Structure formats: C-alpha cells, structure tokens
Amino acid sequence: MGQDPRWRAEMVAHLDASPEARVLDVAAGTGLITRLLKKRVREVVSLDVSAEMLGVAHRRGATAVLAT
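The model shown is predicted, which means the values in this text are computed figures rather than measured ones. (Residues numbered from 1 in each chain as written. Predicted model: local features only at pLDDT ≥ 70, side-chain atom pairs only at ≥ 80, totals over all residues. Heavy atoms only, no water.)

Spatial ordering of the open sheet is given by β1-β2-β3, a layout of three strands whose pairing is parallel. Since the sheet does not close on itself, it has two edges, and those belong to β1 (22-26) and β3 (63-66), each with one partner. Sheet twist, expressed as the average angle between the axes of neighbouring strands with direction ignored, equals 25°. Pairing between strand β2 (residues 43-48) and β3: four bridges, direction parallel. By the bridge assignment for β3, V45 is matched with T63. Each of β2 and β3 touches helix α3 (residues 51-59); the most contacted strand, β3, lies at about 170° to it. (Pairing = 2+ DSSP bridges. Helix = DSSP H or I, 4+ residues; strand = E, 2+ residues; numbered from the N terminus. Axes fitted to C-alpha atoms, helices over the stretch in contact; angles between N-to-C directions. Contact = heavy atoms within 4.5 Å.)

What follows is the structure in structure tokens.
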C-alpha cells in the first residue's frame, strides 16, 4: 500500500533535533530511517540485533552497531 515511506518521512520531519545533533537509531534494521535522519542531523548510528539487516544498512552508508 506504500504507507511505510510516508510514516517514516513524517516521523523524521517531526523530530526536534538540531542539524548538529547526534542520533541513535534503535532497531534500525536495514537503515531506511537512518538514511532519512542523515539528511537532517550531523551524525546517526544504526543499532540493531540483526547482523544481516545491519549489513544492508552499512552497505547503504550507515555507521552500524550490533546490539546484544
């Protein structure tokens, strides 16, 4: 139905974060929200428990951290 990109963009648009902010994207998965955040803030770190999903995020340019 195409709803996912809309709610992600809407959520990021309503964050009260300065352009100099450092943000932790918890449960980042493949980094789709991370990519949106990187357009708005200085630094974003993607955190997830799935090495496979973080691998995708990392290949897309994310700084990825594997959670335990």
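So, about the pattern of salt bridges. Under the criterion given, the structure shown has two salt bridges. E43 is the salt-bridge partner of R22, the closest N and O atoms lying 2.9 Å from each other. In this pair, R22 sits in strand β1 while E43 sits in strand β2, placing the two residues 21 residues apart along the sequence. (Salt bridge = Lys/Arg side-chain N within 4 Å of Asp/Glu carboxyl O.)

This paragraph deals with the side chain of T34. By secondary structure assignment, the location of T34 is in helix α2 (residues 32-38). T34 gets classed as buried once you look at its relative accessible area, which sits at 1%. In terms of polar contacts, T34 uses its side chain to reach the side chain of D25, at 2.7 Å. For T34, the residues in contact, after removing those within four places along its chain, are D25, A28, V44, S46 and A62. (Buried < 20%, exposed > 50% of the residue type's maximum accessible area, 1.4 Å probe, protein only. Polar contact = N/O pair within 3.5 Å; in protein donor to acceptor, adjacent residues only side chain to side chain.)

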